[in-house]
Amino acid sequence: MRIIAVMSGKGGVGKSFVATGLAAGIQRRVGHAAVLDADITGASVPHMLGVPRSARVDADGRFVPGLSSDGIRVSSMSLMLPSDEKAVIWRGPLISRAIDQLFKDTDWGDAEYLVVDMPPGTSDAALTVLQTLKPHGVIVVSTPQDMVTKIARRSQDMVRQTGGDVIGLVMNMAYLWCPHCGERIEAFGTNSGGGSDDLPLLATLPLMPEWAALADRGEAAKAASDEFDVLADAVLQHLDTGTMPAGRHV
Ligand SMILES: Nc1ncnc2c1ncn2[C@@H]1O[C@H](COP(=O)(O)OP(=O)(O)OP(=O)(O)O)[C@@H](O)[C@H]1O
Ligand SMILES: [Mg+2]
């Protein structure tokens, strides 16, 4: 199984949105996509992909992942809790163990591409994902603010220090369109943050209220499908050959 982790030093920049969108893109392109929701205390993937709550265990005692309507397998702490409002109040070591268990004790079936939605930050839980799951590639998500881009670079540094490979950067919420005059608004400034040799810019995504609405009602797989198909192509090519499609940036 190929593992792609989606991370960012900062919260709320769209990691889960990009992780679910990428999984949906891979599912459309080649199938066999799965998502591991490694954000134990802030799990959001099942909600975004409309995966119903279930806590089924198979005959071998392995967790049966939830299934989105388009066939993406999802393993998440929130599938085992009685409601989305239930808080998981655990300290770092327990959270790290839970991530490890969700990964190892889930029956991933014929999944070939596992997208890991990382918790925010560069702490314990992120380290567990990098060291235990050893992703084949990491995608860093940022918004165009200077400070956020610097924090995203910290994630890149952390991946390097743990021997991992950063595929590139997704600049999210880069701009929005005024619904009245159609003007492009750079709400967070114009810092492109990437495009350098060591951190290729894989995609620049606008902030689209309809995408947020889709994610909110469990249809994130339908949001930005053209953009995520292109991102999926780039990631699949990188995993196969270690290269990037020339000029295929969104
Ligand atoms: N480009 C976008 N356009 C519209 N809405 C977006 C976009 N990217 C993300 N969102 C929405 O913004 C909110 C925050 O995104 P998301 O939950 O993916 O961030 P996150 O980095 O995973 O946050 P956390 O650090 O809490 O895990 C979500 O409601 C998501 O649907
Ligand atoms: Mg998230």
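All figures in this text were calculated on a predicted structure; none of them were measured in a lab.

Criteria and thresholds
- Residues numbered from 1 in each chain as written.
- Chains lettered and ligands numbered in written order.
- Predicted model: local features only at pLDDT ≥ 70, side-chain atom pairs only at ≥ 80, totals over all residues.
- Core = buried A, V, L, I, M, F, W, Y, C linked by C-beta atoms within 7 Å.
- Buried ≥ 20, exposed ≤ 12 C-beta atoms within 10 Å, placed from the backbone.
- Helix = DSSP H or I, 4+ residues; strand = E, 2+ residues; numbered from the N terminus.
- Contact = placed C-beta atoms within 7 Å.
- Expected span 1.5 Å × (residues − 1).
- Arc of directions from axis to C-beta.
- Pairing = 2+ DSSP bridges.
- Near = placed C-beta within 6 Å.
- Nonpolar A, V, L, I, M, F, W, Y, C, P; charged D, E, K, R; others polar.
- Axes fitted to C-alpha atoms, helices over the stretch in contact; angles between N-to-C directions.
- Left-handed = near helix turned anticlockwise from the far one by under 90°.

Chemist: Help me understand the nonpolar core, please; the structure alone is not making it clear to me.
Modeler: Side chains of a nonpolar character, in soluble globular proteins, are inclined to be buried together. Formed by 73 residues in total, the largest nonpolar core has its most connected members in Val 6, Leu 22, Val 115, Val 116, Val 129 and Ile 139. It is helix 1 (residues 15-29) that contributes the most residues to this core, seven residues altogether.

Chemist: I tried to follow the environment of Ala 187 on my own but got confused; where do I start?
Modeler: Position of Ala 187 relative to the elements: it lies in the loop between strand 9 (184-185) and strand 10 (201-204). Assessed through the 13 C-beta atoms surrounding it within 10 Å, Ala 187 is described here as partly exposed. Sequence spacing of Ala 187 and Leu 176 is eleven residues, and the spatial spacing of their C-alpha atoms is 7.3 Å. Not counting residues up to four positions away in its chain, the partners in contact with Ala 187 are Leu 176 and Leu 207.

Chemist: Can you walk me through helix 3 (residues 92-104) in this structure?
Modeler: For an α-helix, the turn length of 3.6 residues means that residues three or four places apart are oriented alike. Taking 1.5 Å of rise per residue, the 13 residues of helix 3 would be expected to cover 18 Å, and the 18 Å separating its terminal C-alpha atoms lies within 8% of that figure. For helix 3, every residue scored as buried is listed here: Ile 95, Ser 96, Ile 99, Leu 102 and Phe 103. Projected onto a plane normal to the axis of helix 3, the buried residues spread over an arc of 125° and lie on a single side. In helix 3, those exposed residues whose orientation departs by more than 90 degrees from the buried face are Pro 93, Leu 94 and Lys 104. Close packing links the buried residues of helix 3 with strand 2 (33-37), strand 4 (73-76) and helix 4 (124-133).

Chemist: Looking at this structure, I do not really get the sheet that holds strand 2. What am I missing?
Modeler: Paired through their backbone hydrogen bonds, the strands of a sheet run either parallel or antiparallel. Strand order in the open sheet formed by eight strands is 3-4-2-5-1-6-7-10, and the pairing between neighbours is mixed. Since the sheet does not close on itself, it has two edges, and those belong to strand 3 (66-67) and strand 10, each with one partner.

Chemist: How should the site of ligand 1 be read in this particular structure?
Modeler: If you check the shell around ligand 1, you find 19 residues, and the closest are Gly 11, Gly 14, Ser 16, Ala 212 and Ala 215. Put simply, the parts of the chain that give the shell around ligand 1 at least two residues each are helix 1 and helix 6 (209-216). Of the residues that constitute the shell around ligand 1, the class distribution is ten nonpolar, seven polar and two charged.

Chemist: What am I meant to see in the packing of helix 3 against helix 4 here?
Modeler: Two quantities define a packed helix pair, namely the angle between the axes and the distance from one axis to the other. Interhelical geometry of helix 3 versus helix 4 gives an angle of 35° and a closest axis separation of 9 Å. As for how helix 3 packs across helix 4, the hand of that crossing is right-handed. Across the interface between the two elements, Gly 92, Ile 95, Ser 96, Ile 99, Asp 100 and Phe 103 of helix 3 pack against Asp 124, Ala 125, Thr 128, Val 129, Thr 132 and Leu 133 of helix 4. Along the lines of polarity and charge, the residues of the contact of helix 3 with helix 4 split into six nonpolar, four polar and two charged.

Chemist: How do you make sense of the environment of Leu 81 when you look at a structure like this?
Modeler: When you line up the elements, Leu 81 lands in the loop between strand 4 and helix 3. Between the C-alpha atom of Leu 81 and that of Ser 54, which follows or precedes it by 27 residues, the distance is 8.6 Å.

Chemist: What am I meant to see in the environment of Pro 82 here?
Modeler: Considering the arrangement of structural elements, one finds Pro 82 in the loop between strand 4 and helix 3. C-alpha separation for the pair Pro 82 and Arg 53, spaced 29 residues apart in sequence, amounts to 8.1 Å.

Chemist: How do you make sense of the pairing of strand 2 when you look at a structure like this?
Modeler: Along a regular strand, successive side chains alternate from one face of the sheet to the other. Burial runs high along strand 2: five of the five residues are buried. In strand 2, alternate side chains face the same way, and those of Ala 33, Val 35 and Asp 37 on one face and Ala 34 and Leu 36 on the other are all buried. In this sheet, strand 5 (residues 113-117) lies alongside strand 2 in parallel orientation, the contact comprising five bridges. Counted as the bridge partner of Ala 33 is Tyr 113 from strand 5.

Chemist: When you look at helix 5 (residues 146-161) in this model, what are you seeing that I'm missing?
Modeler: Relative to the 22 Å expected for 16 residues at 1.5 Å per residue, helix 5 spans 23 Å between its end C-alpha atoms, a close match to the ideal helical length. The set of residues buried in helix 5 consists of Val 148, Thr 149, Ile 151, Ala 152, Arg 153, Ser 155, Gln 156, Met 158 and Val 159. In the core, the buried residues of helix 5 are packed alongside strand 1 (2-7), helix 4, strand 6 (137-142) and strand 7 (166-171).

Chemist: Please explain the pairing of strand 7 as it appears in this structure.
Modeler: Counting buried residues along strand 7, six of its six residues qualify, which places the element largely inside the surrounding structure. Sheet topology note: the strand 7/strand 10 ladder contains three bridges and is parallel. The residue of strand 10 that forms the bridge with Met 171 is Thr 204.

Worth remembering: the numbers are spatial, not functional.
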